[in-house]
Structure formats: structure tokens, C-alpha cells
There are 2 protein chains.
Amino acid sequence: MPSGVISSVSRLSIPSSAKSWIEVSPESHFPIQNLPVGVAAIDFEDDSSEIFNCMPIGDFVVNIDMLSQEGLIPEFDGFPLAPWSVFGGQESLREVRRAVFALLEESNSKLRDHAGLREATIHSRANIVPLMPMKVSAFVDFYSGINHASNVGRMFRPDQPPLLPNYRHLPVGYNGRASSVVPSEHDVTRPRGQFKVGDDLLFGPTRELDFELEVGFFVANDSEMGEPISIDEIEDYMLGMVLVNDWSARDVQRWEYQPLGPFLAKSFATSISPWIVSFDALEPFRIAGPGQEPPVLPHLQSSVKGHYDIQLEVGIQTAKMTRPQTICRSNTKHLYWSFIQQLAHQSSNGTPLEIGDLYATGTISGETEDSFGSLLELTWRGQNPLTMGETGETRTFLEDGDTLIMTGWGQAEGYRIGFGEVRTTVEPAPRQ
Amino acid sequence: MPSGVISSVSRLSIPSSAKSWIEVSPESHFPIQNLPVGVAAIDFEDDSSEIFNCMPIGDFVVNIDMLSQEGLIPEFDGFPLAPWSVFGGQESLREVRRAVFALLEESNSKLRDHAGLREATIHSRANIVPLMPMKVSAFVDFYSGINHASNVGRMFRPDQPPLLPNYRHLPVGYNGRASSVVPSEHDVTRPRGQFKVGDDLLFGPTRELDFELEVGFFVANDSEMGEPISIDEIEDYMLGMVLVNDWSARDVQRWEYQPLGPFLAKSFATSISPWIVSFDALEPFRIAGPGQEPPVLPHLQSSVKGHYDIQLEVGIQTAKMTRPQTICRSNTKHLYWSFIQQLAHQSSNGTPLEIGDLYATGTISGETEDSFGSLLELTWRGQNPLTMGETGETRTFLEDGDTLIMTGWGQAEGYRIGFGEVRTTVEPAPRQ
């Protein structure tokens, strides 16, 4: 095994009975069992500001750089972490989570009973701004949501089988743009692009701005070029998950995508939730996937449960609304291909994996109309606009000033392991 | 204009009459007028080794880190450069080239007459190994070679017009894989992949390993997300050019590419020439492009000559051959879309450009059969194998042990501005 890679056998499992001395409500996404990692900025009253690595718990975040500096958790490989820095792989994240868990556990008085240290290391989540949890080295987007792929097939190729012949044999995917992956609370500017209206070819602000409900995972370790990682070892390269909104300009996409796939229709922005939720914390939600028929080739066969039962929701809040309206409820269990299969596929041709690679699933639609993961599907190409109950406004695609909110969590007995939100407001296109 | 961006008006032009005190033959790719930049490794006799930034001239390279340390050229922004570091934009490269030009110019005795300094700063090119000239932040590949696009259309859609409706309206392109871009002299491992043979679906070493003759350019400056750069300003974001071999597994590509474009068929490797040739040095070879009919939309219209007259050649040398055989002669003038148009298109939707982005053209085929830029076209899908004159071997696609060599240069009166080579040997697929 390459150095730095450890077997997933030594996974960190925080007991479901564990409690923190920080109060956490049962609906919180961030109980002591979660302890995901991210980077945040904070402005202090004296006008100074700071960027730091942190872990959310309940309504707070814990500054783990400061914990390390104060000697409350050990200095780990690569610690104290520079902002945007990279964890030294899965085991490094595991060690930090283990140490922070011990410190926040209800019986541990070291930080609990030390007001000065608490003030220096714990901030209200309401006071921080989430940044990118890692520098994204590559962004790849799959097409593993079989209901979404089928819906798109039905819309655009109505006289053919909804799925193309390769769909059940390999996880179809494509390379996206890494430089435009942004965290929650980063506004997105409506892109301009080329599209057709009737016979006219126009360049201007997209008229069909859409979201795509996805999840994704970050890669923990580098691999060597020309040396594929087998599906049995690939899990050791996976760090943790985030929610992903793969913004799409449908009119631009229709015109540009033949023959080489989506390009400018998606490269302008991708939004993610700011906390990397470790696969260790998601262990209670592992499930077997759907049966795969026909059977896949051996290099994509895995003996472990590779799917997850994670509930997903999407809400819209227009500028006139006072609260969001839920427009979609879905679940990661609707994925045909598992994360393990996706990454084994990527590595099978010897592509070097890099720390910071982000692999997203593609749109995750359920089977019913209220579980579709994009406006394209929810409104069936704009034929059935959504109505906002509070204001009576209708939406086929997103308008300037609309805020799109995604959230997701695994529900355990008495607690949730959640992702927080991806919350993004649409800004008008540049005038130039 | 963003800070660090300077107008292309102040371009560095080295007179065609200039000569260096280092002897340079008229066929050399690296006269004093070129001075491209790259990174190289050298092993010394005492078993020590070094990695350094350098500029080739004639049969030598000049260690520019050492020139800076010795005070022979000024310390520039970001100097001395760390290996793999990033030049501080176009103007930083210009200043280095200006200073190195002055030092190597035949009348300058400072280095010429100082044997100790010469030995410390100048190495034979035969003794160094070229590395990547920049860390590639994003790799984008266009489809701007109109003869290639037409050939592919004729092969795969024989009963339709060879070009798709969008081809003459926007530079079709897709995102490639940045982590597998490697320099010349880096062997490439034959990838394994999924492909069909008749009705059978197989996973194994590709049987249709191909090259693609391309050029590409590196980006010099970052731009802000959501703030498109207009085509009139985009040239200030372009640093310099390299040759690009976009390796392709045709059998994998055929099976995987619908509906989201090429993925594993190309992500395993892309090879580039190791010296970034500045656009300043390529100025003498600028030409008007082909007329564009129908006229393109205003955001893609440029008033400057955006094309280049650069000769390109491809050779193959099998393991049995003692010298390469030229199999293709082409020219960058066969591109339909200019670099300026490509980058303006990429930026038009607000995608943030990053220092180190590499934009390649797509395969550059000429009009005649001996000018096609891929084996797919040269053998017309394998129907007309190539014969190696020296050994009588035939090739439809590349075999293990074959070496593929690309080269290219602009021919001026009495000197050439060249790119050197992209030389790559095909290694067998991993056995696992």
C-alpha cells in the first residue's frame, strides 16, 4: 500500500451514545458524532479578522488550529494547518477528529471548565463565513443518478430507450471546472452565453439557469500516474462528502454540448457545502445499492456496501419570500453507481488521483415528481412551472435574486449526521 | 485593468539581426530571438542533483535561477523562482527574457568572458531532463482544427454534413484532466479501459492508442469569477505556447463518450513540449486566420491577427527502427478558431482564469492525407495502415515500445523560433 494510506479497518467510530458538554439539539446536523472539517473566516470587534480550520458542533465551530496551538490536541502531520491547506490524508483527519471528540466529550473538563480557552477557540456559527474546505485540484461530475439520466433521455430522445447502451456498464462522467467551485454563501453571477431562440442565435444572460442536486466526495491521497488503484483499495483514497449544486445554463448546454459534452453551460460555477463530512461519520448510513443488471465487469465489482441513505432537500426563496419553499425531497440511495465504483473507474486507466480532487455524483432524482433534482425535471422542460405558495410567483428556471438552498443529512436513532447547507443567491449577469 | 496585467503594446521584440556569443545553428529551435522558459533537472558527477528554471539557447540551457543569484540578471518579482513556480504574469517573463537577452547578446562580456560563471550557469541540453514548465491548474481542449472535425464527422456521421451546426459559431471545447499533463521524455503507460469488440464488452489494454497533434497556450494571470474578460483584453492573459500530444484511446472513446463527451479515453495522459515559447517571440509568425463565415457574434470578433504560421511534424520510431519516420506535416494555420477567440469564449461566461491554465487547440490536420494529425485520420479508421520504410512494419494504432515525436517551429529569415520536441515512448499496460 502507498505510504500514508491506511486500511479502512481502523475507522474512527464515535458511539451513538456519546454526548458533548456543548449542547446540541437532536435536529442539529453537527452532533459530536459528526465533527466534519472546514475553513472559515471571522471578523472580530477590533476589526481584525482570521481564517482558520474548524469543526462545527451544534451552533458553534471549534477552531482546531487554535486547539493545536494551545496544546489541547496534538500537533498533527501538517499542523497547524494553513488556510486552504490539505489534510495529510484520511488518517490525519481521523486523528484530528479523535482528539477533538475526546476534548468535547461531556466528561472532559480541560476546555469545558476553562472560560478563556473556550472564548479563544469556540465561535458561534452565526459569526463565521464558511470558505472552501480544500483547494479543488480537479472536479469530475458523474451521471450516476439513474432517474435523472432516464428523465433526460425521455425528454430529449423520446423515441429511444431512455438510457444509452453504456449507462449500466460504466459510471458515465466528465471533467468539470475546478476553479469555479465555491462554498455556500458565495453568490453566483448569472452567466452570459450563446443560445438559440427559435432560429436566432443570441449571446446574453442565460434564460434557463438551473440547479442540480448532487453530492460529492474529496480525495485524500495522491496516486501514481499509470498505476490504477483496485476497487478493493480505493476506499482508502476517499476523505469525506459534501453537498454539490452543479449550476447549469440549459439553453447554453443545448447549443454547445455536441459532440464533446457540457462546457460553458456548467463551468461558470459549482457550489458546495462547506464542511467535509468524513466517511467514518457516515458509516451508520451505509446501505447496499440497487441491484446492478447486467452484472458489471470485475474491475467495478465491490464486496462492500457502497451506497448511503442520506436525505436531501432543495428549497427556493425568491426575493419577495420570507422563508424558503421546499421544492424537492430526494435521497442518495437513488444513485445507480456507488462512490467506490466511480473512483475505481476514474483510476482504472491510470489517471493520477490528487489530494483535493472532487468527484460529484450527477443529479440525484427520486422516482416521483416531487423528488426530481433539477428544475429541468421538476418543471418538465418548463411545461409545468412551480408556484411559490407564499407569494404566488411562478418559476420555470431561476431568476435574479432567488436563493437556492440545498441540505442533507443521515438520520440515526436520536441524532443526525448532516451537511449543513449550500445556500446561494443568484446575482444579475454583468452588463458589459 | 487588473494589477499585474500590462498591455501587449509593450511587447519585447528581439531584433532578427541579434546574435549571441553562444553559437546557434540556423536550424536550431532556440536562437537568441526565442528564449523560452522551462524547468529542468540535472545530475552532477558528484551525485548531487538540482532542479532549476532555465532558458534553452542553441544546444544549451541557461540556469536563470543561478543568473539571478549571481546578480547577472535582476531579481524579479517571485525570483529566484522555486521549481514548478509560477511566473508573475506576462510582464515578469518579458523582464526575464529582456535581461537574459542582454546578457547573451554577442557584445556583452559579463558572462561570455567569465569561465567560472559560464560553467555554473550554462549546461548542455543533452545533460538535462525537462520537467513541467508550470503546474497545470486546468486543462481545456478545444476542437478548433476544422479539417480534423470534418474528417471525424465524415467517418462517424457519413450521411450528415461533416460539421455540426454549432461548429462555426463557437469554439467547441471540453475540460480535460490537468493531473496527467506530462512533459516530453515522460513515458506513457498504455491505459486499460472498457470497449466493445463486436458484441463483447471487454476491459483491458486499449487496442487503439492514438496521438493527437495539437498546440496549446498557458495562461499568465488570474481573473475574477463572474467577470468576463473581453476579447480586446484577453491577449494580456496569454503567456506562451507549447506543443501538445493529446493521447487518445479510440476504442474506449467510442464506447464511453455519449452523452457527456470524452473522459477516460483521454484522461490517462497528455504530453507537452517543455519550453513555454512566449507570444512575443512568435510575433513574426502572426497571420490572419481563415475567413469566418457566417460572421461570428460580436464577443468573438477580434480586430487583430490571431493566427500563427507554425510548421508541425509528427514522427514515429518503433523499437526496431534506428530513426523516426515522419508521418505527418501540418501547420497551425489550419485552425478555424484563434487562441484569442478560444480564451475569450472560455471567459465569456465568467469562468475564473488561473495562472497555469493550459488551453489546447484540438487536433490540427491539414487538407491532404499526409497532413492529418492523428492515426485515426492518417489510417482512416485503420483501413489504410502506415508502413515504416526502414523495417516494413505497419501501424494502424501505436504499439508498445513505439516512440512518438512531435516538433514545430516558425521559420523566419535566417532563424527559427522552435518548440523543441514532445517525445514519448509507449510503455505496456500494467498487468494487474
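Refer to the preceding data block for the structure.
Keep in mind that what you see is a predicted model, and the values were worked out from it rather than measured.

Caption draft 1: Broad picture of the overall build of chain A. Secondary structure summary: chain A contains ten helices and 26 strands in total. The C-alpha radius of gyration of chain A comes to 22 Å, within 12% of the 22 Å expected for a compact globule of 432 residues. Its C-alpha atoms give chain A principal-axis dimensions of roughly 70 × 55 × 40 Å. Look at the contacts in chain A between residues 6 or more apart in sequence, and 72% of them connect residues 24 or more apart. Carbon and sulfur atoms provide 47% of the accessible area of chain A, an area that totals close to 16100 Å². Side chains of chain A give 32 positive and 57 negative charges; the mean places of these two sets differ by 6 Å.

Caption draft 2: Focus on unusual backbone geometry. All names here are of chain A. Pro259 follows Gln258 through a cis peptide bond whose omega is 5°. Mapped onto the elements of the fold, Pro259 is located in the loop between α6 (250–256) and α7 (264–267). Across the junction of Glu293 and Pro294, the peptide omega takes the value -5°, indicating a cis bond. Of note, Pro294 is situated in the loop between β18 (286–287) and β19 (307–308). Here Leu35, not a glycine, exhibits a phi torsion of approximately 45°, which is positive.

Caption draft 3: Fine view of the layout of surface pockets. If you add up the space inside the second largest pocket, you get close to 640 Å³. Along its surface, the second largest pocket is lined by 24 residues, and A:Pro259, B:Val152, B:Phe156, B:Gln253 and B:Tyr257 are the ones closest to its centre. Every element with two or more residues in the lining of the second largest pocket is listed here: β6 (139–142), α5 (146–156) and α6 (250–256) of chain B. Grouping the amino acids of the lining of the second largest pocket by side-chain chemistry returns eleven nonpolar, six polar and seven charged.

Caption draft 4: Structural detail: the relation of the copies chain A and chain B. When chain A is fitted to chain B, the best match, at an RMSD of 0.0 Å, comes from turning it 180° and sliding it 0.0 Å along the axis. Accordingly, the operation relating the two chain copies is best matched by a two-fold axis. Taking C-alpha positions as the reference, the residue of chain A nearest the rotation axis is A:Gly261, at 2.1 Å. When the interface residues of chain A are mapped onto chain B, 100% of them again fall at the interface, so both copies present the same face.

Caption draft 5: Geometry of the environment of B:Thr394. Residues and elements named next belong to chain B. Looking at where Thr394 falls in the secondary structure, it is placed in strand β24 (residues 394–395). On the accessibility criterion, Thr394 (45% relative accessible area) is partly exposed. Placed ten residues apart in sequence, Thr394 and Asn384 show a C-alpha to C-alpha distance of 9.6 Å.

Caption draft 6: Representation of the pattern of salt bridges within the structure. Residue and element names in this part refer to chain A. Under the criterion given, the structure shown has 46 salt bridges over all chains. Taking the shortest distance from any N to any O, the salt bridge between Lys266 and Glu212 comes out at 2.9 Å. With Lys266 in helix α7 and Glu212 in the loop between β12 (209–210) and β13 (213–219), this residue pair connects regions lying 54 residues apart in the sequence. By the burial criterion, Lys266 is buried, and Glu212 matches it.

Caption draft 7: Structural detail: the side chain of A:Gln292. Residue and element names in this part refer to chain A. Structurally, Gln292 can be placed in the loop between β18 and β19. Reaching out from Gln292, the side chain makes a polar contact with the side chain of Gln341 at a distance of 2.9 Å. Leaving out residues up to four positions away in the same chain, Gln292 has contacts with Tyr336, Trp337 and Gln341.

Caption draft 8: Looking closely at the interface of chain A and chain B. Listed by partner, the interface residues are 60 residues for chain A and 60 residues for chain B. Of the roughly 5500 Å² buried where chain A meets chain B, counting both sides, 60% is carbon and sulfur surface. When the area that chain A buries against chain B is broken down by residue, the three leading residues are A:Arg177, A:Leu260 and A:Phe263, summing to 15%. Taken together, chain A and chain B are joined by four salt bridges. Note that B:Arg177 is salt-bridged to A:Asp357, the shortest N-O span being 2.7 Å.

Caption draft 9: Representation of the packing of aromatic side chains in the model. Counted under the stated rule, the structure contains 26 aromatic pairs over all chains. Pairing B:Tyr308 with B:Phe339 gives two aromatic rings, centres 5.8 Å apart and planes at 25°, and the pair type is stacked. Of this pair, B:Tyr308 sits in strand β19 (residues 307–308) while B:Phe339 sits in helix α9 (residues 339–347), placing them 31 residues apart in sequence. Judged by relative accessible area, which is 3%, B:Phe339 ranks as buried. Taken together, the ring pairs in this structure connect A:Phe142, A:Phe217, A:Phe279, A:Tyr308, A:Phe339, A:Tyr359 and B:Phe263 into an aromatic cluster.

Caption draft 10: The sheet that holds strand β2 (residues 49–57) of chain B, seen in detail. Residues and elements named next belong to chain B. Across the sheet, which stays open at both edges, the five strands sit in the order β4-β3-β2-β1-β5 with antiparallel pairing between neighbours. Two strands bound the open sheet, and with one partner strand each, they are β4 (122–124) and β5 (128–130). Each strand of the sheet is rotated relative to its neighbour by a mean of 45°, with strand direction disregarded. As paired strands, strand β3 (residues 60–63) and β4 are joined by three bridges and run antiparallel to one another. Opposite Phe60, over in β4, you have Ser124 as the bridge partner. Helix α2 (residues 90–104) rests against β2 and β3 of the sheet, and its axis sits at about 75° to β2.

Caption draft 11: Quick look at α5(B). Residues and elements named next belong to chain B. With nine of eleven residues buried, α5 lies mostly within the body of the structure. Within α5, burial applies to Ile146, Asn147, His148, Ala149, Ser150, Asn151, Val152, Gly153 and Met155. Residues of α5 that are buried in the fold lie against α10 (375–378).

Caption draft 12: Structural context of a negative patch on the surface. On the surface, A:Asp43, A:Glu45, A:Asp46 and A:Asp47 cluster together to form a negatively charged patch. Note that A:Asp43 resides in strand β1 (residues 38–43).

Caption draft 13: Representation of the pairing of strand β13 (residues 213–219) of chain B in the model. Residue and element names in this part refer to chain B. For β13, the buried fraction is high: seven of the seven residues fall into the buried class. Taken together, the seven bridges between β13 and strand β14 (residues 238–245) define a ladder with antiparallel strand orientation. From the neighbouring strand, Phe217 faces β14, where its bridge partner is Met241. Pairing of β13 with strand β22 (residues 358–360) involves three bridges; the strand directions are antiparallel. Each bridged residue has a counterpart across the sheet, and for Gly216 the counterpart in β22 is Ala360.

So, how was this worked out
For every chain, the first residue of its written sequence is number 1, and the numbers climb from 1 along that sequence. Written order determines the labels here, with chains lettered from A and ligands numbered from 1. This being a predicted model, a pLDDT of at least 70 is required before a residue's local features are given, and a value of 80 or more before pairs of side-chain atoms are given or counted; all residues contribute to the totals for chains, interfaces and linings. With hydrogens and water excluded, all non-hydrogen atoms of the structure serve as input to the side-chain values. Counting from the N terminus, the helices are the DSSP runs of H or I reaching at least four residues and the strands are the DSSP runs of E reaching at least two. In this setup the radius of gyration rests on C-alpha atoms only. A globule is expected at 2.2 Å times the number of residues raised to 0.38. Here, two residues are considered to be in contact whenever any of their heavy atoms come within 4.5 Å of each other. Each accessible area value is a Shrake-Rupley result obtained with a 1.4 Å probe; residue values ignore everything except the protein chains displayed when judging cover. Residues scored as positive are Lys and Arg, those scored as negative are Asp and Glu, and His as well as the terminal groups of each chain are ignored. Think of each charge as sitting on NZ of Lys, CZ of Arg, CG of Asp or CD of Glu. Here a cavity denotes grid points, spaced 1 Å and computed from the protein atoms alone, that fit a 1.4 Å probe unable to get out, and a pocket denotes an open set having protein on both sides within 12 Å along at least 5 of 7 lines; residues with an atom within 4 Å of a point are the lining. Grid points are joined across faces, edges and corners, and a volume is the space filled by probe spheres set on the points. Residue polarity is assigned by list, with Asp, Glu, Lys and Arg as charged and Ala, Val, Leu, Ile, Met, Phe, Trp, Tyr, Cys and Pro as nonpolar; anything else, Gly included, falls into the polar class. Alignment of the copies relies on least squares applied to C-alpha atoms, considering only residues that score at least 70 for pLDDT in both. Residue burial is assigned from relative accessible area. The probe radius is 1.4 Å, only protein chains are included, and a residue is buried under 20% of its type maximum, exposed over 50%, and partly exposed in between. Salt bridges, as used here, are contacts in which a Lys or Arg side-chain nitrogen is within 4 Å of a carboxyl oxygen on Asp or Glu. Residues adjacent in sequence count toward polar contacts only when both atoms are side-chain atoms; beyond that, a polar contact is any pair of N or O atoms within 3.5 Å, and within protein one must be able to donate a hydrogen and the other to accept it. Two parts placed together each lose some accessible area; with a 1.4 Å probe, that loss summed over both constitutes the buried area. Only Phe, Tyr and Trp rings are paired, with Trp represented by its six-membered ring, and only when their centres lie within 6.5 Å; those with planes under 30 degrees apart are stacked, over 60 edge-to-face, the remainder tilted. For two strands to pair, DSSP has to find at least two bridges joining them. A fitted line through C-alpha atoms serves as each axis, taken over the contacting stretch for helices, and the angle formed by two N-to-C directions is quoted from 0 to 180°. Patch membership needs two things, relative accessible area over 30% and no salt bridge, and members are linked within 9 Å if like-charged or within 5 Å if nonpolar (Val, Leu, Ile, Met, Phe, Trp, Tyr).

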